[in-house]
Amino acid sequence: MAEICCEVVSDSEPAVSYEPSSRAARRRRMEIRKFRFVAGDELDNSENQKRPKLDGQIKDGETCRSNSALFSRNCRNAALSTIADGLLDQNDAVEMDRGVESEAMESELTVCSETPRFGYASVCGRRRDMEDAVDNKPSFSRESSEPESDLHYFGVFDGHGCSHVAMRCRERMHAVLKAEIESRPDPTSPIDWRALMERSFARMDKEVIELNKTLLRSDCRCELRTPECDAVGSTAVVAVVSRDKIIVANCGDSRAVLCRGGKAVALSSDHKPDRPDELHRIESAGGRVIYWDGPRVLGVLAMSRAIGDNYLKPYVICEPEITITDRAPEDECLILASDGLWDVVSNGTACGVAKMCLSGKGLPESPWAEGGEGDDKACADTSMLLTKLALARHSTDNVSVVVVDLRRS
Amino acid sequence: MADQDGDHESSSSHDRSHTCFRDWINLQKSDLDQLVKLLNPESGVEEEEGASSSSSSNKHFELCAKTVSHFEDYMRNRAELAREDISIYFAPSWCTTLENSLLWIAGCRPSMFIRLVYALCGSEMERNLSQFLLQGTSNGLLGDLSAGQLSSVNMLQLKTVREEEKLTSRLATLQEDIADQPLAVIARGATQVGETSEEADKALDDHERSMANILEEADKIRLKTLKELLGILTPKQGVDFLVASKKLHLSLHEWGKKRDRLHGRHRDARKPPPQSDEES
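Nothing here was measured: the structure is a model prediction, and the numbers come from that model.

## Notes on the overall build of chain A
1) Next: Within chain A one finds 13 helices and 15 strands.
2) Next: When each of the 409 residues of chain A is scored for burial, the buried share is 59%.
3) Next: Put simply, of all contacts in chain A between residues at least 6 apart along the chain, 72% involve residues at least 24 apart.
4) Next: About 16700 Å² of surface is accessible on chain A, with carbon and sulfur atoms providing 53% of the total.

Spelled out as structure tokens, the structure:
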């Protein structure tokens, strides 16, 4: 994993496609923003800015902690009052409003110029069941009391067994994250994203397992296979975009890819049972990977991590892998997608398509219909084009694609 | 139908059903010719631009509407005929074995329409991806399906699959009913296998009525799905879609004939219709 990423990263270093002048200008702007934002934080030099931080993935194995201890302080009210207190310290009345009335503020903040444009497409495709779910929440929380510290949330969930775990992730994951962010003891301190994402995924998993229990008595489709209701789960790839960082947490075989200077940089690595480190983890937990229409955990599940799938624990875990990447001026867009896209479209091709589409080439005057509310047309068109490409290449799965425009205006 | 003319009557209803199908195939062929002509205007005639494009759009729209109304007529006719003799529609002797193996409640699965859209919307794009990205196809065909259209098609697909499943489940129940009272008990109690009785005939008539109802509902879903789909597509895309669907249907009919011959199944061995539907 580390090797792969580093290789891609070094590839992307010479951002060929940008004019030097505008690139320099952009970087200057970026740096100004960055200094303002990171004031007091450790400062990266400009070289570092270009390089995504992909550390920690391999070492994450040991840093896995008991999740139960971390659940203790998740009360939403506590979270809100904590953040309100912190904000009051800074005499920022508007921010307090936001702490208390976060929902109402959200729509207003969406208009803020720093909010990245985004769009998505999610189709059933050649499957008869729709088990993918997508959720985008611009300005869903903030990192600090700074005026431009909004955090933007994007998530793709690809369910298996039934759709209810993916649907529940769509409904709840952002709220779980938000609660975790806003329940920090010291809201002025930088966020420990790794710990936070791990806690959030663990909490989401716990919620989903509870849900599975209650569904045993409901009329969900999978109830017909009652003993297997536990055999329902979902991938989760979640990206949080701040003014200067992209945090990606991934669990399963959906994927996040950054288009940087025309090159593709994978911000997550698929959890396949035959990935050497995953295979090792599964086997040391006492599990087996059996080849049955591809490698599968216990011959059942074709991914090694997922939310849900209680019956495959501890071999299939819900612990995400996290990457934290500094945004760079040559960043074009972020693509999150389910394997319905990645099975048939390479990271590089996806980035090529997205870059062309976003730069306005390639889309002739044609009666494009409007996208969803809050969506950006170019991004919606890009995600649609990628979806169409996946269908054209005969993807047999549901296809879900989120495109986030990272270019600074 | 239990009188001595029964045989003669049912064979004539069979012929009428066959004729109805043959007419439908022939009508599709002539519809296809018109649709193709509209889609690919004669060489030398430039695609109308500007002011005349709205009239060309009207032409597309009208032809789509006409084609759909032909589909509607066929369904109405066959619903009437099916009231007399339903079972044949579930495995028509006038269709090839290949076609019959693909039937869902005496016709195509409505969800196939959506699959066809997906196939068409991608097929042009892959041919030359980079050129597509630079210029787009901008020919107004299914390759130009917009984001909004794609999401509408997706919604339609989800709805159609749901409706299809519901009806499939009802058909399953009807088929299971055969192994239940009264028929199963009548069969078991009969001294001779296949013994006819008023009771059995009545039960079979009831069953056939239910089957005819299901056929009508399946046709309703097929028609509704087609209409909603054409509502999502632009008139030109609609023509593109209809051309592809007619070509697929007619091709399957021809491919099926070839395969039947290959396996020694001669369609003439069955009761021939008054006229052959073979052309040329």
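## Digging into the overall build of chain B
1) Next: In terms of regular secondary structure, chain B is built from ten helices and zero strands.
2) Next: Reading the secondary structure of chain B in the N-to-C direction produces α-α-α-α-α-α-α-α-α-α.
3) Next: Looking at the 280 residues of chain B, the share that counts as buried comes to 42%.
4) Next: Residue pairs in contact within chain B that sit at least 24 positions apart in sequence constitute 81% of those at least 6 positions apart.
5) Next: Approximately 15400 Å² of chain B is accessible, and the part contributed by carbon and sulfur atoms is 52%.

## Points about unusual backbone geometry
Glycine aside, negative phi is the norm for most residues, and most peptide bonds take the trans geometry.
1) Next: The peptide bond linking Lys313(A) to Pro314(A) adopts the cis configuration, its omega dihedral lying at 5°.
2) Next: As for its position among the elements, Pro314(A) is in the loop between β12 (307-308) and β13 (321-326).
3) Next: Cis peptide bonds are those with omega within 30 degrees of zero, and the linkage from Gln181(B) to Pro182(B) qualifies with 0°.
4) Next: Checked against the element boundaries, Pro182(B) lands in the loop between α7 (147-177) and α8 (183-189).
5) Next: Positive phi, close to 50°, is recorded for Ser139(A), a residue that is not glycine.

## Focus on the UniProt feature "coiled-coil region" (unreviewed entry) in chain B
1) Next: UniProt's feature table lists "coiled-coil region" (unreviewed entry) at residues 197-224 of chain B, given in the numbering used throughout.
2) Next: As a span, residues 197-224 of chain B carries 96% helix and 0% strand, and end to end its C-alpha atoms are 41 Å apart.

## Focus: the state of the cysteines
1) Next: Considering all chains together, one arrives at zero disulfides over all chains under this definition.
2) Next: Cys108(B) carries a free sulfur, and the closest cysteine sulfur to it, the one in Cys95(B), is 12 Å from it.

## Things to note about the nonpolar core
1) Next: Formed by 83 residues in total, the largest nonpolar core has its most connected members in Ile335(A), Leu341(A) and Phe241(B).
2) Next: Tallying contributions element by element places helix α9 (residues 198-232) of chain B first for this core, with ten residues.
3) Next: Those residues in contact with Leu341(A) that lie beyond four places of it in its chain are Leu386(A), Ala390(A), Val399(A) and Val401(A).
4) Next: Among the nonpolar cores identified, the runner-up in size contains 31 residues, and Phe140(A), Trp193(A), Met204(A) and Ala236(A) belong to it.

Calculation rules
Residues numbered from 1 in each chain as written. Chains lettered and ligands numbered in written order. Predicted model: local features only at pLDDT ≥ 70, side-chain atom pairs only at ≥ 80, totals over all residues. Heavy atoms only, no water. Helix = DSSP H or I, 4+ residues; strand = E, 2+ residues; numbered from the N terminus. Buried < 20%, exposed > 50% of the residue type's maximum accessible area, 1.4 Å probe, protein only. Contact = heavy atoms within 4.5 Å. Areas by Shrake-Rupley, 256 points an atom, 1.4 Å probe, with all protein chains shown as cover. UniProt positions renumbered as here; feature names shortened; annotations may be inferred. Disulfide = S-S within 2.5 Å. Core = buried A, V, L, I, M, F, W, Y, C linked by side-chain atoms within 4.5 Å.

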